[in-house]
Amino acid sequence: MNGGVDLYLLAGVKTWPTYFREPAERLKAMSIEAGYADADVHVLYPYGDHTIPLHRQLREVARDVARRLALAADNLQPAIDRLGDLQMEAAGEYASAEGSPRHGAAAQPAAPRSSALAAPAGPIVEAIRERSAGRVVVLIGHSGGGVAAYHAGRRLLAEGAVRDCRIVQIGSPKVRIHPALRDRTAYFYATDERGRIRDPITRLGTWGGIRKAAAGIPVWDSRRWAPGHIAAITIDGGHKDYFQHGPSGAAAKTTNLERTAAAVLDWLVRSLRPVRPPSPAQ
């Protein structure tokens, strides 16, 4: 499957520039191997890099984790419906293209920008809009970067600023996911070989909410607003080690980076598979 895809790696707090060097190279290579001949990878720092004071970064992440879901203000479902129509029209292009041009497909006209979407991730949304208009965008956020990835993806889709968007959260605090983005969002967390959670950051935040059970009785559902795909990645180490690319013990044992990248790319390839138009009636 060929097509133009921009992958953005979004950093959490106190992230050094070298942290994403190997992941960026590996994800690009794996994307090309998966059939995306025109794949670019970029690194963004939504809360600033390692030079920004930690307390300031943590305050901004906490603000974004606590943001309300604001279903009515987001008005995302019409934008998602338009993307579905575009996918149907573009299915033949995906199947036959030998690699799409840098700005091959026009994005939908931008919807009015809601003030409810304006606060978080503003600078990175502007950067993505300028660089990736008409492209498929994949936002891969580690730690607090996963929180920013969700807010940025929500805004990009609501405005029709990109051709399509997927959101990947790795070792991130939980944030409530808009129902229209549920199937476009994946969440990965670290466990050891016995299945025990190794990343305390993933215990922060909530997907919970009230739903109506039988007879209309309200009950608390801990996954009321959860992403559509939630999966564990067995790694050596913990929160900071998802992208560790050095030796991991036994010679035949894959590195954390290989396991994380494989899990992300497996979901992405399945999620981005184009919707095929129905065959003409015989």
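Here the structure is a predicted model, which is why all the values come from computation and not from measurement.

Calculation notes
Sequence order as written defines residue numbering, which begins from 1 separately in each chain. Selection of residues for local features in this predicted model requires a pLDDT of at least 70, selection of side-chain atom pairs for listing and counting requires 80 or more, and totals for whole chains, interfaces and linings are taken over all residues. Based on all heavy atoms of the structure, the side-chain values leave hydrogens and waters out of the count. Put simply, a nonpolar core is a bunch of buried Ala, Val, Leu, Ile, Met, Phe, Trp, Tyr and Cys residues held in one set by side-chain atoms that sit within 4.5 Å of each other. Relative accessibility decides the category of a residue: with a 1.4 Å probe and only protein chains considered, values under 20% of the type maximum give buried, values over 50% give exposed, and everything between is partly exposed. Secondary structure elements follow DSSP: runs of H or I no shorter than four residues count as helices, runs of E no shorter than two count as strands, and numbering proceeds from the N terminus. Contacts were defined at the residue level, with two residues in contact if any of their heavy atoms lie within 4.5 Å. Take a side-chain nitrogen of Lys or Arg and a carboxyl oxygen of Asp or Glu: if they are within 4 Å of each other, that pair is a salt bridge.

Chemist: Explanation requested: the nonpolar core in the structure shown.
Modeler: Where a protein is soluble and globular, its nonpolar side chains tend to be buried together. Formed by 31 residues in total, the largest nonpolar core has its most connected members in L7, V138, I140, V168, I170, F188 and V264. Secondary structure elements with two or more residues in this core: β1 (4-10), α1 (21-33), β2 (38-44), β3 (136-142), β4 (164-170), β5 (185-191), β8 (229-234) and α8 (256-272). With seven residues, α8 is the largest single contributor of residues to this core. Among residues more than four places away in sequence, those in contact with V264 are I140, V168, I170 and F188. By size, the runner-up hydrophobic cluster in this structure holds 30 residues, among which are V137, A161, V175 and I177.

Chemist: It is not clear to me how the pattern of salt bridges should be interpreted in this structure. Could you clarify?
Modeler: Any two side chains of opposite charge can pair, so long as their charged atoms come close to each other. One pass over the structure, following the stated rule, counts 18 salt bridges. Here E258 ties to R26 by a salt bridge, and the two come within 2.9 Å at their closest N and O atoms. Of this pair, E258 sits in helix α8 while R26 is found in helix α1, placing the two residues 232 residues apart along the sequence. Look at E258 and you get partly exposed, because its relative accessible area is 30%. For R26, a relative accessible area of 23% puts it in the partly exposed group. A salt bridge links E126 to R155; its shortest N-O distance comes to 3.4 Å. Here R155 lies in helix α7 (residues 144-159) and E126 lies in helix α6 (residues 122-132), a separation of 29 residues in the sequence.

Function cannot be inferred from these measures alone, as they are strictly geometric.
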